[in-house]
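Residues per chain are reported as follows:
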There are 2 protein chains.
Amino acid sequence: MLKGGVCVDFASCFPIWDKLTKDQQDLLLSRAEKRSVKAGTVLHNGNLDCLGLLVICSGQLRVYTLSSEGREVTLYRLFERDICLFSASCVMPNIQFEVIVEAEKDSAFWILPSCLFKAMMEESAVVANYANQLISSRFSEVMWLMEQIMWKSFDKRLAAFLLEESQLEGTSVLKITHEKIANHMGTAREVVTRMLRYFQNEGSVRLTRGTVEILDEKALQQLAQ
Amino acid sequence: MLKGGVCVDFASCFPIWDKLTKDQQDLLLSRAEKRSVKAGTVLHNGNLDCLGLLVICSGQLRVYTLSSEGREVTLYRLFERDICLFSASCVMPNIQFEVIVEAEKDSAFWILPSCLFKAMMEESAVVANYANQLISSRFSEVMWLMEQIMWKSFDKRLAAFLLEESQLEGTSVLKITHEKIANHMGTAREVVTRMLRYFQNEGSVRLTRGTVEILDEKALQQLAQ
């Protein structure tokens, strides 16, 4: 499962491991549960469940929100060694919004049950401050996104999105539909299609059924900046 | 200063007072400093300063961000008994965005120095969890705003803004320029003027130089929903 990964045991993946007491470490080891899921699995859906804190071993998770009309926007993604906090959002009483966490690729992770995490947070300043750091990081990512949406025009955002996808997938030929791009960016499919055609006319991308090929990375980078 | 206010001493204003040890309470009382400022005073400006945690006694603070082109958007406001966390953002290492905190009305507050707050947070799970609650609340407000911006059309947002202002000021005649509304909402003045004129044509508001008078509150409420 984890071949090639550096994150082979729980202790080496959990960032504050060395700051915990021996009792806390033992408790975590006895309760942390390893799980693998297929791409497309929904791990957390608003307030419907509260799986626990996820420590990601491999794969890729996507955290997104949904409007009442069913439009999506990707808030951020999580990778190996990242911690997914919102799958334990029930332990944070003042979080008054709902997100969905979905495995975007086949993924493996450890689960720390919410009740365990909550109890540790309440008794330990180290754990509480760590939760604080996590939520501050996610808050920063959402602020970044909001600034993108508010201040950046759609061509810049789309160029940045294509470059990020290309880097994540390690290829310049992206297998992604316009519908899917629209979901990531919180816009309508038509808006994406129109802008991609504009990029194609400029020679920056080539469009085929189900793929977007990046032809001129430099041009997209200049646009994205 | 505080006549009429319920928040007359520090202990009764600081939400977790009863959960603190006697030593912590004494430390806070000896270090908390009372200050009053005039409307328009900038209390925190990005990473330039780190005044401390503010416990608001009276008045109104506005927390906003600024784009590189100087456009503003109001993230949220703080009132009596609210705590301003971002004026102590230096104690939160993972906050990677900058906000500005400004007194929108004449305001009075206690200041807890950042270094004191940081030290208490590091040693006390109670204080750390409280910081956690604060940041979760602010995060929720920003998510709400982002959803407004993403999914709600501008007419609905503007109607909601006018109603909120009217409630805050306790009057249906708002003394506010189109420029100022645009700054709150992160848009251009022309966009605000165009929509206000549309509202005026519909009979919902009356515009005079420097004021927006709400004539049909019900119509705005229906629109805002």
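## A word on the overall build of chain A
Counting its regular elements, chain A contains eight helices and eleven strands. Oriented by its inertia axes, the alpha-carbon framework of chain A measures out at about 60 × 40 × 30 Å. For chain A, with 225 residues in total, the buried portion stands at 53%. Partitioning the intrachain contacts of chain A with sequence separation of at least 6 by distance along the chain shows that 70% fall at a separation of at least 24. Carbon together with sulfur atoms contributes 48% to the accessible area of chain A, which is approximately 10600 Å² in total.

## A closer look at the interface of chain B and chain A
Opposite the 39 residues of chain B that make contact, chain A presents 39 residues. Summing both sides of the interface, chain B and chain A together bury roughly 3300 Å²; the carbon and sulfur share of this comes to 70%. Applying the counting rule to chain B against chain A returns zero salt bridges. The interface formed by chain B and chain A holds twelve residue pairs in polar contact (both at pLDDT 80 or more) in total. Where the side of chain B that touches chain A is concerned, the elements lending two or more residues are β5 (72-78), α3 (114-123) and α4 (125-151) of chain B.

## Structural notes on the confidence of the model for chain A
The predicted structure's coordinates, where accompanied by low pLDDT, should not be read in detail. Per-residue confidence for chain A gives a mean pLDDT of 89; residues scoring 70 or more make up 96%. Scored as a complex, the prediction yields pTM 0.82 and ipTM 0.81.

## Observations regarding the sheet that holds strand β8 (residues 107-112) of chain A
Residue and element names in this part refer to chain A. Read across the sheet, four strands follow the order β1-β8-β3-β6 without closing on themselves; strand pairing throughout is antiparallel. With one partner strand each, in any of the chains shown, β1 (33-37) and β6 (83-84) form the two edges of the open sheet. By the bridge criterion, five bridges tie β1 to β8 in an arrangement that is antiparallel. Bridge pairing in β8 places glutamate 33 opposite isoleucine 111.

## Section: the pattern of salt bridges
All told, the structure shown has 24 salt bridges over all chains when counted by the stated rule. Ionic pairing is found between aspartate 26 of chain A and lysine 22 of chain A, a salt bridge with its closest N-O pair at 2.9 Å. Highlighted residues: aspartate 26 of chain A and lysine 22 of chain A, both in helix α2 (residues 22-31), separated by four residues, approximately one helical turn. Two residues, aspartate 106 of chain B and lysine 38 of chain B, come together in a salt bridge whose shortest N-O distance is 4.0 Å.

## Here's the deal with the sheet that holds strand β5 (residues 72-78) of chain A
Residue and element names in this part refer to chain A. Judged by pairing direction, the sheet is antiparallel, and its four strands sit side by side in the order β2-β7-β4-β5 without closing on themselves. Where the open sheet ends on each side, the last strands, each with one partner, are β2 (42-45) and β5. Neighbour-to-neighbour, the strand axes of this sheet turn through a mean angle of 20°, independent of strand direction. Here strand β4 (residues 61-66) runs beside β5; their pairing, made up of six bridges, is antiparallel. Across the sheet, threonine 65 pairs through a bridge with valine 73, a residue of β5.

## Quick look at the packing of aromatic side chains
Using the criterion set out here, one finds 17 aromatic pairs over all chains in the structure. Considering the side-chain rings of phenylalanine 139 of chain A and phenylalanine 97 of chain B, the 5.0 Å spacing of their centres and the 55° angle between planes classify their relative orientation as tilted. Residue phenylalanine 139 of chain A is found in helix α4 (residues 125-151), and its partner phenylalanine 97 of chain B is found in the loop between β6 (83-84) and β7 (100-103); the two belong to separate chains. Taken as a pair, phenylalanine 139 of chain A and phenylalanine 97 of chain B share a single burial class, namely buried. Centroid distance phenylalanine 10 of chain B to tryptophan 110 of chain B: 5.6 Å. Interplanar angle 80°. Geometry classified as edge-to-face. Here tryptophan 110 of chain B lies in strand β8 (residues 107-112) and phenylalanine 10 of chain B lies in helix α1 (residues 10-13), a separation of 100 residues in the sequence. Ring-pair connections join several aromatic residues into one group, and the members of that group are Phe86, Phe97 and Phe139 of chain A together with Phe86, Phe97 and Phe139 of chain B.

## Overview of the relation of the copies chain B and chain A
Screw-axis analysis of chain B against chain A gives a translation of 0.0 Å along the axis, an RMSD of 0.0 Å, and a rotation angle of 180°. What we have between these two chains is a two-fold relation. The position closest to the rotation axis in chain B is occupied by the C-alpha of alanine 125 of chain B, lying 1.9 Å away. Most of the interface of chain B is mirrored in chain A: 100% of its interface residues are interface residues there too.

## Overview of the state of the cysteines
The full count for this structure, using the stated rule, is two disulfides over all chains. Two residues share a disulfide in this structure: cysteine 50 of chain A and cysteine 90 of chain A, whose sulfurs sit 1.8 Å from each other. Where cysteine 50 of chain A bonds to cysteine 90 of chain A through sulfur, the torsion about that S-S bond is close to -85°, and the disulfide is left-handed. A residue pair is termed long-range when its members are at least 10 positions apart, and cysteine 50 of chain A in the loop between β2 and β3 (53-58) and cysteine 90 of chain A in the loop between β6 and β7 (100-103) qualify at 40 residues. Taking relative accessible area as the criterion, cysteine 90 of chain A reaches 48% and is therefore assigned partly exposed. This cysteine, cysteine 115 of chain B, is not joined by any disulfide, and cysteine 90 of chain B carries the nearest cysteine sulfur, 8.8 Å off. Judged by its relative accessible area of 54%, cysteine 115 of chain B falls in the exposed class.

## Concerning unusual backbone geometry
Residue and element names in this part refer to chain A. The phi torsion at arginine 81 lies on the positive side, around 80°, for a residue other than glycine. Considering the arrangement of structural elements, one finds arginine 81 in the loop between β5 and β6. According to the relative accessible area criterion, arginine 81 is partly exposed, its value standing at 34%.

Scoring rules and cut-offs
- Residues numbered from 1 in each chain as written.
- Chains lettered and ligands numbered in written order.
- Predicted model: local features only at pLDDT ≥ 70, side-chain atom pairs only at ≥ 80, totals over all residues.
- Heavy atoms only, no water.
- Helix = DSSP H or I, 4+ residues; strand = E, 2+ residues; numbered from the N terminus.
- Buried < 20%, exposed > 50% of the residue type's maximum accessible area, 1.4 Å probe, protein only.
- Contact = heavy atoms within 4.5 Å.
- Areas by Shrake-Rupley, 256 points an atom, 1.4 Å probe, with all protein chains shown as cover.
- Buried area = accessible area lost by both parts, 1.4 Å probe.
- Salt bridge = Lys/Arg side-chain N within 4 Å of Asp/Glu carboxyl O.
- Polar contact = N/O pair within 3.5 Å; in protein donor to acceptor, adjacent residues only side chain to side chain.
- pLDDT = per-residue confidence, 0-100.
- Pairing = 2+ DSSP bridges.
- Axes fitted to C-alpha atoms, helices over the stretch in contact; angles between N-to-C directions.
- Phe/Tyr/Trp six-rings, centres within 6.5 Å; stacked < 30°, edge-to-face > 60°.
- Least-squares fit on C-alpha atoms with pLDDT ≥ 70 in both.
- Disulfide = S-S within 2.5 Å.

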